[in-house]
Amino acid sequence: MENDFFKTENDSNSAASFPNKAESDPPKSKEKDPPTEQDPPFLSSFLVELIDSIKNTLISIKNVSQLSPDKFNDVEFRKYSQRSITEDIKNIDSVLNSLLNYIHINTPITKSNTISLILEEVLEANVKQIQSKNIKIFKKCEKDLPETFIHDEQVRFILNSVLQYAILSTPLEGTIGFLIKSFDFLNETPRKKISPERNGGYIEAAIGFIGGKESTEPLKDIPGSSTIQKEETTKLILQLVKEILQKKHGSITYEVDPKKPKTLITLRFPIERRKVVYYEPISI
């Protein structure tokens, strides 16, 4: 696989090795599966009964509203009417809530583009640190990325930790770029709409960061400062990431271009072969 971050045509343009920001927008939503069959007979008959119940309740409310105003002067009758209408409305409301919950649990949503979405959340959570160093962010995510079987919270920890390392290692006015693609296990070629159920593979997240000359110059004027020592300390973050990925059959690699102040961290997340769905939370 060619190195998309280190390969540049014009070394004077430090951002040339990163993807175009205009092409980098990840999918913004998780779409529901299209319906594959018509409503079952049960739901049709249920809706007919529900409509009849609603109509009867409305008729009851209408009848009460058309009573003579003198009737409501009777305190007991007024209390009874109010209590009866309130109970009817509460009953219908409960049935409608149950119907909505029934629809939710019978229409699961396909889980997709999770890594891209979590990356967006992580970037948003660290926006103040990024802005404080005036770091430029570029990202390019493959559309319709498959899912990884690594848990969402572990993915969030991995991406956040690597971003933290990149922010600490990138000087003022630096650049951090993200390139996320999926590949086949066998030939390590980009996946071409191959169903995860048919082939194994991995999702590769390449994080590259570029600094200026100051990133390679030691801080001579500050007593006790050591660029090498600080770098080794921040690298401890990557050890935590490596431990999680190795447990989940993933990997992390770390490369530094010796000719330029460029660093590339490559994460590989194993793909989940099964179709992953989730359900919207129901109201209780």
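Residues numbered from 1 in each chain as written. Predicted model: local features only at pLDDT ≥ 70, side-chain atom pairs only at ≥ 80, totals over all residues. Heavy atoms only, no water.

Concerning the overall build of the protein chain
Consideration 1: Counting secondary structure elements, the protein chain contains 7 helices and 7 strands.
Consideration 2: Along its sequence from the N terminus, the protein chain presents helices and strands in the succession α-α-β-α-α-β-α-β-β-α-α-β-β-β.
Consideration 3: Across the 284 residues in the protein chain, those meeting the buried criterion constitute 33%.
Consideration 4: Pairs at least 24 residues apart make up 77% of the contacts formed inside the protein chain by residues separated by at least 6 positions.
Consideration 5: Just so you have it, the protein chain exposes about 18,400 Å², and 54% of that area is on carbon and sulfur atoms. (Helix = DSSP H or I, 4+ residues; strand = E, 2+ residues; numbered from the N terminus. Buried < 20%, exposed > 50% of the residue type's maximum accessible area, 1.4 Å probe, protein only. Contact = heavy atoms within 4.5 Å. Areas by Shrake-Rupley, 256 points an atom, 1.4 Å probe, with all protein chains shown as cover.)

Regarding the sheet that holds strand β5 (residues 251-257)
Consideration 1: Taking strand neighbours across the sheet as the criterion, the 5 strands line up as β2-β3-β4-β6-β5 in an open arrangement whose pairing is mixed. Strands with a single pairing partner mark the edges of an open sheet, and in this sheet they are β2 (136-141) and β5. Neighbour-to-neighbour, the strand axes of the sheet open up by a mean angle of 15°, direction not taken into account.
Consideration 2: One ladder, built from 9 bridges, connects strand β4 (residues 201-210) with strand β6 (residues 262-270); its direction is antiparallel. (Pairing = 2+ DSSP bridges. Axes fitted to C-alpha atoms, helices over the stretch in contact; angles between N-to-C directions.)

What about the pairing of β6?
Consideration 1: A large share of β6 lies buried, amounting to 8 of its 9 residues.
Consideration 2: Relative to β6, β5 runs antiparallel, the two being bridged by 7 bridges. When the sheet's bridge partners are listed, Y254 is paired in β6 with I265.
Consideration 3: Here β5 hands over to β6 after 4 residues, the two strands then running antiparallel side by side.

Things to note about the pattern of salt bridges
Consideration 1: Enumeration over the complete set of coordinates arrives at 5 salt bridges.
Consideration 2: Note that R156 is salt-bridged to E121, the shortest N-O span being 2.6 Å. In this pair, R156 sits in helix α5 (residues 152-169) while E121 sits in helix α3 (residues 114-125), placing the two residues 35 residues apart along the sequence.
Consideration 3: Ionic pairing is found between E204 and R268, a salt bridge with its closest N-O pair at 3.3 Å. Pair noted here: E204 is in strand β4 and R268 is in strand β6, with a separation of 64 residues, a long-range link.
Consideration 4: Of the residues examined, R268 reaches a relative accessible area of 24% and is grouped as partly exposed.
Consideration 5: Linked by salt bridges that have partners in common, E121, E153 and R156 make up one network. (Salt bridge = Lys/Arg side-chain N within 4 Å of Asp/Glu carboxyl O.)

Considering the packing of aromatic side chains
Consideration 1: Scanning the model with the defined rule gives 5 aromatic pairs in all.
Consideration 2: For the ring pair Y165 and Y254, a centre distance of 6.2 Å and an interplane angle of 70° mean the geometry is edge-to-face. One end of the pair, Y165, is in helix α5; the other, Y254, is in strand β5, with 89 residues separating them in the sequence.
Consideration 3: What makes Y254 partly exposed here is its relative accessible area of 29%.
Consideration 4: Through successive ring pairs, a cluster of aromatic residues spans F42, F46 and Y102. (Phe/Tyr/Trp six-rings, centres within 6.5 Å; stacked < 30°, edge-to-face > 60°.)

Details of the nonpolar core
Consideration 1: Counting residues in hydrophobic clusters, the biggest one holds 35 residues, and the most contacted among them are L159, I176, L267 and F269.
Consideration 2: At the level of elements, α3, β2, α5, β3 (175-184), β4, α7 (236-247) and β6 are the ones that each hand at least two residues to this core.
Consideration 3: Of the residues forming this core, the biggest block, 8 residues, is contributed by α5. (Core = buried A, V, L, I, M, F, W, Y, C linked by side-chain atoms within 4.5 Å.)

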